[in-house]
Amino acid sequence: MLRPLLVAVAVLATAALAHAQATMSYRVVGDAIPEPLMDFKSGGGVFAGDAGRGRVIVIDRAMGNCLICHAVPEPNERFMGDLAPDLKGVGSRLTAGQIRLRIVDQSIVSPKTIMPPYHRTDRLTRVPYRFRGWPLLTALQVEDVVAYLSSLKE
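Overview of the structure. (Residues numbered from 1 in each chain as written. Predicted model: local features only at pLDDT ≥ 70, side-chain atom pairs only at ≥ 80, totals over all residues. Heavy atoms only, no water.)

1. Overview of unusual backbone geometry
- Even without being a glycine, Arg123 presents a positive backbone phi close to 55°.
- With respect to the helices and strands, Arg123 occurs in the loop between helix 4 (96–105) and helix 5 (139–151).
- What makes Arg123 exposed here is its relative accessible area of 63%. (Helix = DSSP H or I, 4+ residues; strand = E, 2+ residues; numbered from the N terminus. Buried < 20%, exposed > 50% of the residue type's maximum accessible area, 1.4 Å probe, protein only.)

2. Examining the packing of helix 2 (residues 51–59) against helix 5
- Put simply, helix 2 and helix 5 touch, their axes get as near as 7 Å, and they point 95° apart. Put simply, helix 2 runs roughly perpendicular to helix 5. Of helix 5, the residues touching helix 2 (which contributes Ala51, Arg53, Gly54, Arg55, Ile57 and Val58) are Leu140, Gln141, Asp144, Val145, Ala147, Tyr148 and Leu149.
- Classifying every residue of the contact of helix 2 with helix 5 by side-chain character gives eight nonpolar, two polar and three charged. (Axes fitted to C-alpha atoms, helices over the stretch in contact; angles between N-to-C directions. Parallel < 35°, antiparallel > 145°, perpendicular 65-115°, else oblique. Contact = heavy atoms within 4.5 Å. Nonpolar A, V, L, I, M, F, W, Y, C, P; charged D, E, K, R; others polar.)

3. With respect to the packing of helix 4 against helix 5
- Their axes nearest at 9 Å, the elements helix 4 and helix 5 cross at an angle of 130°. By the angle between their axes, helix 4 is oblique relative to helix 5. When the axes of helix 4 and helix 5 are compared, the crossing they make is right-handed. Residues Ala96, Ile99, Arg100, Ile103 and Val104 of helix 4 form the contact with helix 5, whose participating residues are Val142, Glu143, Val145, Val146, Leu149 and Ser150.
- Residue composition of the contact of helix 4 with helix 5, by class: eight nonpolar, one polar and two charged. (Left-handed = near helix turned anticlockwise from the far one by under 90°.)

Listed below in structure tokens is the structure:
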């Protein structure tokens, strides 16, 4: 009888830890979030995301769903949107901090945007109960997308 209770407590504790790691606080400076959302210490340096994982998120029509509004320089992807700016060369136009802010919450830059906030969890409407309080992308996923988009220089 005690074992199922301990398992349930462990599952809830794991979920709470995952939730805390999923949403991170950030500091907006001008039109950017200059520091990574997470301090990834690895070998003495700060790890700022993986462009390969970020590419997967950007072109995944279920996870990031960026292609519904944006075109990206991915020749094998079809049916890209044109409601928002083409992301080709975005790494030359915007800094990593500017890209990060636009992913976290584009409404800070453009209050009338139709782009969803991928990391903000407050002041949202029509969110199913089971998803309330959870971001669309975790801090690590945001950093991965920032790394990919920052690599798009041409």
